[in-house]
Amino acid sequence: EVQLVESGGGSVQAGGSLRLSCTASGFAIDDSDFAWYRQSPGDDRDLISTINKHGETYYRASVKGRFTISRDNAKNTVYLQMNSLKPEDTAVYYCAAERPMVDGAGEVDWGQGTQVTVSS
């Protein structure tokens, strides 16, 4: 069974830090691209950061310089280190993985989401 399990969310004060983890099971992540999204109630689910199988990264402008995405293929885990957190970062954070298929297409899987709350 293919599954993504997220952890590391919680409540922090503004300026604090959290590290989110996304651990995959049912497949090896080496050849997969990953992304972190976040969503607040009533809002769209927004792309925050990506990391591809080569380790190349992308960050949304509002988090660049504060968040760092990384991966540890040996642990089958992708991380999102979040520093200098702001109340605007409050949201449910989701991990997504794109697994390459034999025909060249990718299949996308989602984690269950983890709540991040930042108080002022």
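Rules used in this analysis
Residues numbered from 1 in each chain as written. Predicted model: local features only at pLDDT ≥ 70, side-chain atom pairs only at ≥ 80, totals over all residues. Heavy atoms only, no water. Buried < 20%, exposed > 50% of the residue type's maximum accessible area, 1.4 Å probe, protein only. Helix = DSSP H or I, 4+ residues; strand = E, 2+ residues; numbered from the N terminus. Pairing = 2+ DSSP bridges. Disulfide = S-S within 2.5 Å. Core = buried A, V, L, I, M, F, W, Y, C linked by side-chain atoms within 4.5 Å. Salt bridge = Lys/Arg side-chain N within 4 Å of Asp/Glu carboxyl O. Phe/Tyr/Trp six-rings, centres within 6.5 Å; stacked < 30°, edge-to-face > 60°. Lys NZ or Arg CZ within 6 Å of the ring centre and 35° of its normal.

(A) How the structure looks around the pairing of strand β8 (residues 77-82). A large share of β8 lies buried, amounting to five of its six residues. The pairing of strand β3 (residues 18-25) with β8 spans six bridges and is classified as antiparallel. Paired with Ser 21 across the two strands is Tyr 79, which belongs to β8. Here strand β7 (residues 67-72) pairs with β8 via six bridges, running antiparallel. Looking across to β8, one finds that Thr 68 is bridged to Gln 81. Where β7 hands over to β8, the hairpin turn is made up of four residues, of which Asn 76 adopts a positive phi near 55 degrees.

(B) View of the pairing of β3. When strand β1 (residues 3-7) meets β3, the two strands line up antiparallel, connected through five bridges. Bridging from a neighbouring strand, Gln 3 pairs with Ser 25 of β3.

(C) Quick look at the state of the cysteines. Under the counting rule described, the total for this entry stands at one disulfide. Covalent S-S linkage joins Cys 22 and Cys 95, the inter-sulfur distance amounting to 2.1 Å. Residues Cys 22 and Cys 95 share a disulfide whose torsion about the S-S bond is about -75 degrees; that sign makes it left-handed. One end of the pair, Cys 22, is in strand β3; the other, Cys 95, is in strand β9 (residues 91-100), and 73 residues separate them in sequence. Exposure class is identical for Cys 22 and Cys 95. Each is buried.

(D) Here's a closer look at the nonpolar core. Counting residues in hydrophobic clusters, the biggest one holds 26 residues, and the most contacted among them are Leu 4, Phe 34, Trp 36, Phe 67, Leu 80, Met 82 and Tyr 93. Secondary structure elements with two or more residues in this core: β3, β4 (33-39), β5 (46-51), β7, β8, β9 and β11 (114-119).

(E) Up close: the pattern of salt bridges. All chains considered together, the criterion is met by four salt bridges. Note that Arg 38 is salt-bridged to Asp 89, the shortest N-O span being 2.9 Å. Taken together, the residues Arg 38 in strand β4 and Asp 89 in the loop between β8 and β9 connect sequence positions 51 residues apart. Here Arg 38 matches Asp 89 in class, with each residue buried. Between Asp 89 and Arg 66 there is a salt bridge, and its shortest N-O distance comes to 2.8 Å. Taken together, the positions of Asp 89 in the loop between β8 and β9 and Arg 66 in the loop between β6 (57-59) and β7 put the pair 23 residues apart, joining distant regions of the chain. Given the relative accessible area of 11%, Arg 66 is considered buried. Put simply, Arg 38, Arg 66 and Asp 89 are held in one network by salt bridges that share partners.

(F) Molecular detail of the packing of aromatic side chains. Counted according to the given criterion, the structure contains one aromatic pair. Ring geometry for Tyr 37 against Trp 110: centres 4.9 Å apart, planes inclined by 55 degrees, an arrangement best described as tilted. Highlighted residues: Tyr 37 in strand β4 and Trp 110 in strand β10 (residues 106-110), separated in sequence by 73 residues. Its relative accessible area of 22% is what places Tyr 37 among the partly exposed residues. Taking NZ or CZ as reference, Arg 99 lies 5.5 Å from the ring centre of Phe 27, over its face.

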